[in-house]
Amino acid sequence: MNTKWFYLWAFLAILMAGCLHPHQHPAFSPPVPPPSSVALSQVELTNRFDQSLLEPSTDLFTLGPGDKIEIELIGEPTSKITTVVAPDGRIYFNLLPGLDVWGLTLGQAKAQIERELSKYIKDQPQVSLVLRDVESKHVWILGDVQAPGIYPLAAPTTLLEALSLAGGTLNLSSFRQNEAFGASDELADLRRSFVLRQGKMLPVDFQRLIQMGDLSQNIYLQPDDFIYLPAATAREIYVLGAVTEPRAVPFKEGMTVASAVASAYGTVTGAYLQHVAVVRGSLSHPQIAIVDYKYVIRGKASDIALQPRDIVYVPFSPYRYLTRYAQLIVDTFVSSAAINGGTALSGIQVLPPISPPPVH
C-alpha cells in the first residue's frame, strides 16, 4: 500500500473515533455511585406514654383454666383437697357435680361454693379457698436475661419486678463467666428492648429504666405482655415488608440497602420502591431515612451503607406522614421479633408464683 494512503486512512480512523460520544461506545458503562452515609431524621412515635400505665390494675385476680386452688370445708380437716380448674372452667369438690368458676374472683368463687354446698349440707357451710398455682395468666420474658421464661401473673407486677424474677439482664461479669464456659449468652440491647401488648409496642425506654433508674418507665404489666431484650452484640440487618422472605440477615462490612434486600430474595410485586425506609437507633426514639430504591437499582442514586441492627422496610404504598410510617415499621419489627422469639421455647423454665393469702 502506498505510504501516503496508509497515513490518510489512519488519520481518518483517529478522527472518527474522537467524534464518537462516550455513551455510544459499545464498551462504555456509566460508573455506579459508591455507597453513601444515610441522612437520618429523628421522629417521635405516635404511641405516647400514657400515665395510666404506671397505675396498678384495680381488677382482682380471676380464675381460669389451669389454675390450681386448695379448698377446705372449715371444721372438716379431711375435706381439704387441691383441684385444678378444668378447661371448661369447672371445679369439683365434695358433693358438687361441677361448678363453673371461670372469670370469678377468689371471693366470688368462695361464695358460690358455699351457696351450692348449702343445698346438700344442713348447717351453713364455710370454706377456705387458697390459690396455689397460676396457669391462666402469664407474661413472657425472653432474650438476654438470666432466666428467660414464661412467668405467672397472680398479682399487680411492675416491669422491674418481672425482670428481677427473670434474674435481671445479663451483666458484664456473668457474660464473661458464661463465655469462659463456652456459652453464647450476650448482653442485652436496651435500645431495642420492648414490651408488646395486644400487638402494639408500649413506649417504654429500657435505657432510662435500667441504666438511669428512671421509675417513670416502670409500668405495670398485664396478662400476655411480651417482654423482649435482644442481644447487644447481634450483628444483623432486619429486612421487612414487601420482600420475598422478610428476615434477619447477617451483617457484613459494606452491606447496603440493595444487598440487604437481595438477601431477602428481592421485592415482591406491588412493592413501592420509591419509599424504602432505613430505621436506626432506639425503638422508643428511632431515626428514619427514606431511600428511592428504584433509582438505586438503576444506578441513578447512591446506595446507602447500613449499620448492624438497622431495619430496612419496603412498603406496599407511599407514606404520607413520616411519624406514622416510623410507627408502622417499629410495630412490624416488634411483632416479628415476638413471633420468632415465641417459637423457640425449648429449655425455658416455668416458675411457680408466690401464693397470695387464703380467702376465709
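Read on for an overview of the structure. Numbering of residues starts from 1 in every chain and runs along the sequence as written. The predicted nature of this model means local features are confined to residues of pLDDT at least 70 and side-chain atom pairs, given and counted, to a pLDDT of 80 or more, with totals for whole chains, interfaces and linings taken over all residues. Processing note: side-chain calculations cover all non-hydrogen atoms of the structure and skip hydrogens and water entirely.

### Brief notes about unusual backbone geometry
For residues besides glycine, phi is generally negative; the peptide bonds are generally trans as well.
Here is step 1 of the chain: Its identity is not glycine, yet N94 carries a phi of approximately 55 degrees, on the positive side.
Here is step 2 of the chain: Here a strand is any run of E in DSSP of at least two residues, a helix any run of H or I of at least four, and the numbering for each starts at the N terminus. The topology assignment puts N94 in the loop between β4 (90-91) and β5 (99-100).

### Some words on the environment of N94
Here is step 1 of the chain: A 1.4 Å probe rolled over the protein chains alone gives each residue an accessible area, and that area as a share of the maximum for its type sets the label: buried under 20%, exposed over 50%, partly exposed in between. Owing to a relative accessible area of 41%, N94 belongs among the partly exposed residues under this scheme.
Here is step 2 of the chain: Counting along the chain gives 15 residues from N94 to S79, while the straight-line C-alpha distance between them is 7.5 Å.
Here is step 3 of the chain: Excluding residues that lie within four positions of it along the chain, N94 makes contacts with L73 and L117. Two residues qualify as a contact provided that any one of their heavy atoms is within 4.5 Å of a heavy atom in the partner residue.

### Describing the sheet that holds strand β13 (residues 247-250)
Here is step 1 of the chain: Pairing is mixed across the open sheet formed by six strands, whose spatial order is β1-β15-β14-β16-β12-β13. With partners counted over all chains shown, the strands left at the sheet margins are β1 (41-42) and β13, one partner each.
Here is step 2 of the chain: Here, any two strands with at least 2 DSSP bridges between them count as paired. Across four bridges, the pairing between strand β12 (residues 236-241) and β13 is antiparallel. In the strand pairing of β13, V239 is matched with R247.

### Comments concerning helix α2 (residues 106-117)
Here is step 1 of the chain: Each residue after the first adds 1.5 Å to the expected span of a helix. For α2, with twelve residues, the first-to-last C-alpha span of 16 Å sits near the 16 Å given by 1.5 Å per residue.
Here is step 2 of the chain: Regarding α2, the residues found buried are L106, A109, K110, Q112, I113, E114 and L117.
Here is step 3 of the chain: On the buried face of α2, the contacting elements are β2 (68-73), β4, β5 and β6 (127-133).

### Let's talk about the packing of aromatic side chains
Here is step 1 of the chain: Paired rings are identified among Phe, Tyr and Trp, the last through its six-membered ring, by centres lying within 6.5 Å, and are further divided according to the angle between planes into stacked (under 30 degrees), edge-to-face (over 60) and tilted (the rest). Here the structure, examined in full by the defined rule, presents seven aromatic pairs.
Here is step 2 of the chain: Aromatic side chains F194 and F226 sit 6.4 Å apart centroid to centroid with 20 degrees between the ring planes, which places their arrangement in the stacked category. Linking F194 in strand β9 (residues 194-197) with F226 in strand β11 (residues 226-229), this pair joins segments that are 32 residues apart in sequence.
Here is step 3 of the chain: You can call F194 buried: its relative accessible area is 1%.
Here is step 4 of the chain: Ring geometry for Y313 and Y325: centres 6.0 Å apart, planes at 75 degrees, overall edge-to-face. Of this pair, Y313 sits in strand β16 (residues 311-314) while Y325 is found in helix α8 (residues 322-342), placing the two residues twelve residues apart along the sequence.
Here is step 5 of the chain: Under the relative-accessibility criterion, Y325 is labelled buried at 4%.
Here is step 6 of the chain: One aromatic cluster is present, formed by W140, F194, F226 and Y228 through successive ring pairs.

### Quick look at the sheet that holds β6
Here is step 1 of the chain: With respect to topology, three strands assemble into an open sheet ordered β3-β2-β6, the strand pairing being antiparallel. What marks the edges here is a single partner per strand, and that holds for β3 (81-84) and β6. Going from strand to strand, the sheet's axes swing by 30 degrees on average, the running direction of each strand aside.
Here is step 2 of the chain: One ladder, built from six bridges, connects β2 with β6; its direction is antiparallel. Across the sheet, K68 pairs through a bridge with D133, a residue of β6. To get an axis, fit a line to the C-alpha atoms, keeping to the stretch in contact for a helix; angles then go from 0 to 180 degrees between the N-to-C directions.

### Looking at the pattern of salt bridges
Here is step 1 of the chain: What counts as a salt bridge is simple: a side-chain nitrogen of Lys or Arg found within 4 Å of a carboxyl oxygen of Asp or Glu. Using the criterion set out here, one finds eleven salt bridges in the structure.
Here is step 2 of the chain: Among the salt bridges present, the one from R132 reaches E70, with a minimum N-O distance of 3.4 Å. Here E70 lies in strand β2 and R132 lies in strand β6, a separation of 62 residues in the sequence.
Here is step 3 of the chain: Judged by relative accessible area, which is 14%, E70 ranks as buried.
Here is step 4 of the chain: For D331, the salt bridge identified is with K200, shortest N-O distance 3.5 Å. On the criterion of sequence distance, the pair formed by D331 in helix α8 and K200 in strand β10 (residues 200-202) is long-range, its members being 131 residues apart.
Here is step 5 of the chain: Judged by its relative accessible area of 10%, D331 falls in the buried class.

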